[in-house]
Amino acid sequence: MIYFIGAGPGAADLITVRGQKLLEKADVVIWAGSLVNEELLKNCRECAQIYNSAKMTLEEVLEVMKNAEKSRKTTVRLHTGDPCLYGAIREQMDELEKLGIKYESVPGVSSFCGAAASLNLEYTLPNVSQSVIITRLAGRTDVPEKESLKSLAQHNATLVLFLSSGMCEKVQAELLDAGIPAKTPAALVYKASWADEKKVLCTVGTLAESAKANDISKTALIIVGDVVSHTSYERSKLYDPSFTTEFREATK
């Protein structure tokens, strides 16, 4: 069996209990060494075979998986965050299906959740924003034209940008071009939950200079929207005494 496991945003103790238990019993571990915290490998058995996928191609990863399966070994494919976001897992799964190899996914804590925790931020504040758009700026890898940052920004939803902190000048320009006011709150969170985490509050108009001033050019999320300042929101109806729910009656 191949297990695709989300390692969490960085801190070694943010992997799920299920993920850690599988990691502890794995015979083969293929981990995303460029992004996953190496401390997690301390959970592996001494006899486990460890491969760093940062130095491997898809074909090489699949070859390790096939050989492990032939030997009836348990393989863990350890991805950063939650592998369903920018994890390049579907192409691996499709090939495993062609080979008749069983696999299973174990979700993890995404870095966009880790970044919110670092900022004590709620993405969905009543009467401020009820939608979160997770996206990335087009770079060496394109995005569909209909999902351009300029187009998505016009929804005025909360934006969370992966894989874009090295292009902050372009991000800022596209947001401003989309009509987002320069004073709109924004944040940069570098390596959320890691020991060397950085969190920088800024605005859309100061995004590029803030990134440069704090030497942030990779491994960071960009968050844009009024939720960053967490002001001018309405109280939740769920806990409002005047609001009836399935579990309690409203009181005057």
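Refer to the structure above for everything that follows.
On a predicted model such as this, the values are computed, not experimentally measured, just so you know.

Draft legend 1. Region of interest: the nonpolar core. Judged by nonpolar contacts, the single largest core of 26 residues is most densely connected at Leu159, Val171, Leu175, Leu188 and Ile222. Each residue touching Leu159, except ones within four places of it in the same chain, is listed here: Ile133, Leu149, Ala153, Leu175, Ile222, Ile223 and Val224. Residues Ile15, Val36, Leu40 and Leu41 belong to the second largest nonpolar core, which totals 18 residues.

Draft legend 2. Here's a closer look at the sheet that holds strand S3 (residues 49–52). The strand order S3-S2-S4-S1-S5 describes an open sheet built from five strands, whose pairing is parallel. The two strands at the open ends of the sheet, each matched to only one other strand, are S3 and strand S5 (103–106). Sheet twist, expressed as the average angle between the axes of neighbouring strands with direction ignored, equals 20°. Taken together, the four bridges between strand S1 (residues 2–6) and S5 define a ladder with parallel strand orientation. Paired with Ile5 across the strands is Val106, a residue of S5. Contacts between helix H3 (residues 90–99) and the sheet are confined to S1, strand S4 (75–79) and S5, with S5 contributing the most and set at about 155° to the helix.

Draft legend 3. Quick look at the packing of helix H2 (residues 58–70) against H3. In the contact formed by H2 and H3, the axes pass within 11 Å of each other and the chain directions differ by 45°. Between H2 and H3, the interaxial angle falls into the category oblique. For the crossing formed where H2 meets H3, the hand is right-handed. The segment H2 lies against H3, with Leu58, Val61, Leu62, Met65 and Lys66 engaging Glu91, Gln92, Glu95, Leu96 and Leu99.

Draft legend 4. Region of interest: the pattern of salt bridges. Counting across every chain of the model gives seven salt bridges. In this structure, a network of salt bridges that share partners links the residues Arg90, Asp94 and Glu97.

Draft legend 5. Up close: the sheet that holds strand S8 (residues 185–190). The mixed open sheet is built from five strands, whose spatial order is S6-S7-S10-S8-S9. Looking at which strands have only one partner, the edges of the open sheet turn out to be strand S6 (132–136) and strand S9 (198–203). Direction aside, the axes of adjacent strands within the sheet are offset by 20° on average. Sheet topology places S8 next to strand S10 (residues 220–224); five bridges connect them, and they run antiparallel. Residue pairing in the sheet places Tyr190 in a bridge with Ala220 of S10. Here helix H4 (residues 111–119) sits on the sheet in contact with S6, strand S7 (158–162), S8, S9 and S10, set at roughly 70° to S10. Packing of helix H6 (residues 168–177) onto the sheet brings it into contact with S7, S8 and S10, and relative to S10 it is tilted by some 15°.

Draft legend 6. Structural detail: the packing of aromatic side chains. Inspection of the entire model under this criterion finds three aromatic pairs. Between Tyr86 and Phe162, the aromatic rings sit 5.2 Å apart at their centres with planes inclined by 40°, giving tilted as the arrangement. Within this pair, whereas Tyr86 is found in the loop between S4 and H3, its partner Phe162 is found in strand S7, the two being separated by 76 residues in sequence. Against the face of Trp194 rests Lys191, its NZ or CZ located 4.2 Å from the ring centre. Over the ring of Tyr190 we find Lys198; its NZ or CZ atom is 5.8 Å from the centre of that ring.

Draft legend 7. Representation of H2 within the structure. With 13 residues, H2 extends 18 Å between its outermost C-alpha atoms, agreeing within 8% with the 18 Å of an ideal straight helix rising 1.5 Å per residue. For H2, the complete set of buried residues consists of Val61, Leu62, Val64, Met65 and Ala68. For H2, the buried positions fall inside an angular range of 155° around the axis, keeping them on one side. Those residues of H2 that are exposed and aimed more than 90 degrees away from the buried face are Glu59 and Lys70. The inward-facing, buried residues of H2 contact S1, strand S2 (28–31), S3, S4 and H3. Two residues or fewer past H2, Arg72 is found with a positive phi of approximately 60°.

Draft legend 8. How the structure looks around the side chain of Asp240. Within the element layout of this structure, Asp240 appears in the segment after S10. Notably, Asp240 is buried but unbridged: the nearest opposite-charge side chain belongs to Arg235, and the N-O separation is 4.9 Å. When near neighbours in sequence (up to four residues on either side) are disregarded, Asp240 contacts Arg235 and Arg248.

What counts as what
- Within any chain, residue numbers begin from 1 and follow the written order of that chain's sequence.
- Since the coordinates come from a predicted model, pLDDT governs what is reported: local features require at least 70, and pairs of side-chain atoms require 80 or more to be given and counted, while whole-chain, interface and lining totals use all residues.
- Neither water nor hydrogens contribute to the side-chain values; these are computed over all heavy atoms in the structure.
- For this analysis, a nonpolar core means a set of buried residues of the types Ala, Val, Leu, Ile, Met, Phe, Trp, Tyr and Cys, connected via side-chain atoms within 4.5 Å.
- Using a 1.4 Å probe on the protein chains alone, a residue whose accessible area is under 20% of its type maximum counts as buried, one over 50% counts as exposed, and one in between counts as partly exposed.
- Contacts between residues were defined by any pair of non-hydrogen atoms, one from each residue, lying within 4.5 Å.
- Only when DSSP finds a minimum of two bridges between them are two strands counted as paired.
- Under the scheme used here, helices are H or I runs from DSSP no shorter than 4 residues and strands are E runs no shorter than 2 residues, and both carry numbers assigned from the N terminus.
- Simply put, an axis is a line fit to the C-alpha atoms, just over the touching stretch for a helix, and the angle between two N-to-C directions goes from 0 to 180 degrees.
- Orientation categories follow fixed angle ranges, with anything under 35 degrees roughly parallel, anything over 145 roughly antiparallel, 65 to 115 roughly perpendicular, and all other angles oblique.
- Here is the rule for handedness: rotate from the far helix to the near one, and if that takes an anticlockwise turn smaller than a right angle the crossing is left-handed, while a clockwise turn gives right-handed.
- By definition here, a salt bridge exists when the distance from a side-chain nitrogen of Lys or Arg to a carboxyl oxygen of Asp or Glu is within 4 Å.
- Side-chain rings of Phe, Tyr and Trp (the six-membered ring for Trp) are treated as a pair once their centres are within 6.5 Å; stacked means planes under 30 degrees apart, edge-to-face means over 60, and tilted covers the remaining angles.
- Here, a charge over a ring means that NZ of Lys or CZ of Arg falls within 6 Å of the ring centre while also lying within 35 degrees of the ring normal.
- The span you would expect from a helix comes to 1.5 Å times its residue count less one.
- Starting at the helix axis, one direction is taken to each C-beta atom, and the arc is that of these directions.
- When charges are tallied, Lys and Arg are placed among the positive residues and Asp and Glu among the negative ones, while His and the ends of the chain are skipped.

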